[in-house]
Amino acid sequence: MWFFARDPVRDFPFELIPEPPEGGLPGPWALHRGRKKATGSPVSIFVYDVKPGAEEQTQVAKAAFKRFKTLRHPNILAYIDGLETEKCLHVVTEAVTPLGIYLKARVEAGGLKELEISWGLHQIVKALSFLVNDCSLIHNNVCMAAVFVDRAGEWKLGGLDYMYSAQGNGGGPPRKGIPELEQYDPPELADSSGRVVREKWSADMWRLGCLIWEVFNGPLPRAAALRNPGKIPKTLVPHYCELVGANPKVRPNPARFLQNCRAPGGFMSNRFVETNLFLEEIQIKEPAEKQKFFQELSKSLDAFPEDFCRHKVLPQLLTAFEFGNAGAVVLTPLFKVGKFLSAEEYQQKIIPVVVKMFSSTDRAMRIRLLQQMEQFIQYLDEPTVNTQIFPHVVHGFLDTNPAIREQTVKSMLLLAPKLNEANLNVELMKHFARLQAKDEQGPIRCNTTVCLGKIGSYLSASTRHRVLTSAFSRATRDPFAPSRVAGVLGFAATHNLYSMNDCAQKILPVLCGLTVDPEKSVRDQAFKAIRSFLSKLESVSEDPTQLEEVETNIPQRPTPEGVPAPAPTPVPATPTTSGHWETQEEDKDTAEDSSTADRWDDEDWGSLEQEAESVLAQQDDWSTGGQVSRASQVSNSDHKSSKSPESDWSSWEAEGSWEQGWQEPSSQEPPPDGTRLASEYNWGGPESSDKGDPFATLSARPSTQPRPDSWGEDNWEGLETDSRQVKAELARKKREERRREMEAKRAERKVAKGPMKLGARKLD
């Protein structure tokens, strides 16, 4: 029977990557990149090859091997595994890069920030403090070649070859025999008399001074160069001078050196060092301290190194959420760090946490997720959205907190492109019908209409035919003025989704009724939309061949790729011309023209969290303001039902469906007493009138509601054909001339006799 000797290197669970070793190590070790055979995870492997006649170096290497296995500290190179044979020594550590190579690479990439250097030196000094004060060990090899940097940018102390005991029970310091390392020895070591008084840390602190000089100035040419601080920061120079002083007795203990540098205004007194120190002790911090830390962390992340954010901050954020009950405060820094990740890393690390967060019952967590959805929606695939996220999100439509209902409506703009047919055309429409018909908050009803107009192109053809006309018609009868504006603009923004019959028989009658709305903003948008639809119908009337093209080019649901556009732009049904609105309507003041130039994509949503300063501010920006406290107080009086919104949930088919819930017109109240005559209103005269708008008293609808931004008037521009431009331009000029004549006549009448009342008989 034959027995074969096992090869320990072959059985070793780690392997070297076949490439030349990394440079920068003047000692006996060669540093190789490696990986774990089972998982492929990266490691670093220090290799020492035993050579004949080098027994002294072999003993030094074996002593270092032993030190690696026994010394454990966060700032000392982490030992993972090792292999010792007659031919070689292998020490496996965390994946690191020699500091010299790391600094050179960073200089080529733009340089290393002082923040990073301050924390790196802090780590090295802390490791020396641990060795000297806790272990009574002298490192005896502090230099650039003994410092390594991991993937998070953390500096680690290695080079344990020449370490010895400070108590003298293990003999004196080993002989190095390497000139590149001996140049860092302090001057007192050359005095063999033994009369020099020194502390046990004196030699290592001198070498620390040499390391600081090299970090800022490059390789040390000779010991005399230490007298010139060079590029060392001014806040560090006084402490550096203590390290390289000729008297070893006055060199500070590593712990005191840290204390001095951490003093207010010191080199290591900065937000980056404080953040790292907190993260190292986060497990023992109080919950209130963690909450405050994560709340302030987002402000600092932009100034922190990318590697630090990815490999140190991100794991702590994930751990804090998973096991520390950190809650919603981790979301903002989590998504900020997520920007540094690749798509694959984001899928592996962030998305599982996000999916789990959506099932949380914490309202703060849910609303933060909805507010920041645009930061991660591109990484969510359709099956995940439909099966794991949407079922949790829809609960927000029924929440008693208006802010959550509002954010849930807004989030549908991002989720709609990824929803399947059942969720989009059935489930979502059911909730939208209920919100628009029965929600007690006017801004939420308005935002539901806004959202419906923006996602209209994603609906199926049958759902569009069944829903859009009824939904926008229902919005035009809402007691909340911005909702009525949203309904008009919804018709206009989705103009290419309707047949000619629907435009003529369903939409125009609704819009015509709004031409006497008590709100001028509603009337203005209604006239604009009417002209748009009329021009479209007239174009088809003049050229009937366009009918088939218009009605067959209704866009189908687009297939989303990547991040969905915040506002799907409808495809024009007819050729468009730039600036065509100006040829259809009367010239207005420059301010008025600019006020109607808002675009669909710039639409701001109604907010339930801010309060308007005045009625004027509300009319200029309906997306802000007291839509909860002020607007809803007026609108809710006309809209509240005796039932709560939840009580109508099960009866959607009977009460909240699009056809049944929106077909019933609201009754118009008769004009109250005191309605002013039309002749008392200044219809465009040169003098401003302090008399009220005659339309304002035609209905009990509120007249001080915030005015919504435009849904996208540019989406309906240019609906006429090019053949009508010349005629429209001539008509506009005639109207301008007529308007100037009328203004002159009105001015003459007012000066002579004052305003005449409508119906008054002129006396000769």
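Preceding this paragraph is the structure being described.
I will try to describe carefully the structure that is included in this document. Nothing here was measured: the structure is a model prediction, and the numbers come from that model.

Within the protein chain, the secondary structure is distributed over 30 helices and ten strands. Of all 764 residues assigned to the protein chain, the portion counted as buried reaches 50%. Contacts in the protein chain between residues at least 24 apart in sequence constitute 70% of all its contacts with a sequence separation of at least 6. Of the roughly 36,800 Å² that the protein chain leaves accessible, carbon and sulfur atoms contribute 52%.

Before going further, it helps to spend a moment on the packing of helix α15 (residues 363-371) against helix α17 (residues 402-415). Look at α15 against α17: their axes get within 9 Å of each other, and the N-to-C directions meet at 30°. On the basis of the axis angle, α15 is roughly parallel to α17. Once α15 is placed against α17, the crossing between them reads as left-handed. On α17, the residues that touch Arg363, Arg366, Ile367, Leu370 and Gln371 of α15 are Ala403, Ile404, Gln407, Thr408 and Ser411.

So, about unusual backbone geometry. For serine 136, which is not a glycine, the phi torsion comes out positive at approximately 50°. Residue placement: serine 136 occurs in the loop between α4 (114-134) and β7 (137-138).

Another point: the nonpolar core. Core analysis: the biggest nonpolar cluster contains 92 residues, and Leu428 and Ile455 have the highest contact counts within it. The element that contributes the greatest number of residues to this core is helix α11 (residues 306-323), accounting for eight residues. Here leucine 428 is in contact with Phe390, Phe397, Met412, Leu419, Asn423 and Ile455, once residues within four sequence places are set aside. Residues Ile117, Met205, Ala225 and Leu236 belong to the second largest nonpolar core, which totals 69 residues.

Below, the discussion takes up the sheet that holds strand β9 (residues 155-157). Spatial strand order, β6-β8-β9: three strands in an open sheet with antiparallel pairing. The open sheet is flanked by β6 (96-98) and β9, the only strands paired with a single partner. Averaged over all neighbouring strand pairs, the angle between strand axes comes to 40°, with direction disregarded. Here strand β8 (residues 147-150) runs beside β9; their pairing, made up of three bridges, is antiparallel. Across the sheet, valine 149 pairs through a bridge with tryptophan 155, a residue of β9. The strands that α4 touches are β8 and β9; relative to β9, the one it contacts most, it runs at about 25°.

Turning next to the sheet that holds strand β5 (residues 88-93). With antiparallel pairing, the five strands of this open sheet are ordered in space as β1-β2-β3-β5-β4. One side of each edge strand has no neighbouring strand; the edge strands of this open sheet are β1 (14-16) and β4 (79-84). Ignoring strand direction, the axes of neighbouring strands in this sheet form an average angle of 30°. Its contacts with the sheet place helix α2 (residues 55-70) against β3 (42-49), β4 and β5, and it is angled at close to 145° to β4.

It is worth spelling out the pattern of salt bridges at this point. A full pass over the atoms with the stated rule returns 25 salt bridges. Its salt-bridge partner being lysine 249, residue glutamate 199 comes within 2.7 Å of it at the nearest N-O pair. Of this pair, glutamate 199 sits in the loop between α5 (179-182) and α6 (202-217) while lysine 249 sits in the loop between α7 (237-243) and α8 (254-261), and the two are 50 residues apart along the sequence. Taking the relative accessible area as the measure of exposure, glutamate 199 reaches 25% and is therefore partly exposed. The residue arginine 484 makes a salt bridge to aspartate 517 at a minimum N-O spacing of 2.8 Å.

All right, on to the side chain of threonine 469 then. As for its placement among the helices and strands, threonine 469 is situated in helix α20 (residues 461-475). Setting aside residues up to four positions removed in sequence, threonine 469 forms contacts with Phe491, Tyr498, Lys506 and Ile507.

What sets the pattern is the α-helix's 3.6 residues per turn: residues three or four places apart point alike. The terminal C-alpha atoms of α4, which comprises 21 residues, lie 29 Å apart, in line with the 30 Å expected from a rise of 1.5 Å per residue. Taken across its 21 residues, α4 has 16 buried, putting it largely inside the fold. In the stretch just after α4, serine 136 is the one whose phi turns positive, near 50°.

Most of helix α14 (residues 351-358) sits inside the fold, with six of its eight residues counted as buried. What α14 keeps buried is the set Ile351, Val353, Val354, Val355, Met357 and Phe358.

Another point: the packing of aromatic side chains. Counting across every chain of the model gives 17 aromatic pairs. Centroid distance phenylalanine 304 to phenylalanine 308: 5.6 Å. Interplanar angle 80°. Geometry classified as edge-to-face. The same class applies to phenylalanine 304 as to phenylalanine 308, namely buried. Seen in terms of ring centroids, phenylalanine 397 and phenylalanine 432 are 6.1 Å apart; in terms of plane orientation they differ by 90°. Their pairing is edge-to-face. Here phenylalanine 432 lies in helix α18 (residues 421-438) and phenylalanine 397 lies in the loop between α16 (382-393) and α17, a separation of 35 residues in the sequence.

The rules behind the values
Residues numbered from 1 in each chain as written. Predicted model: local features only at pLDDT ≥ 70, side-chain atom pairs only at ≥ 80, totals over all residues. Heavy atoms only, no water. Helix = DSSP H or I, 4+ residues; strand = E, 2+ residues; numbered from the N terminus. Buried < 20%, exposed > 50% of the residue type's maximum accessible area, 1.4 Å probe, protein only. Contact = heavy atoms within 4.5 Å. Areas by Shrake-Rupley, 256 points an atom, 1.4 Å probe, with all protein chains shown as cover. Axes fitted to C-alpha atoms, helices over the stretch in contact; angles between N-to-C directions. Parallel < 35°, antiparallel > 145°, perpendicular 65-115°, else oblique. Left-handed = near helix turned anticlockwise from the far one by under 90°. Core = buried A, V, L, I, M, F, W, Y, C linked by side-chain atoms within 4.5 Å. Pairing = 2+ DSSP bridges. Salt bridge = Lys/Arg side-chain N within 4 Å of Asp/Glu carboxyl O. Expected span 1.5 Å × (residues − 1). Phe/Tyr/Trp six-rings, centres within 6.5 Å; stacked < 30°, edge-to-face > 60°.

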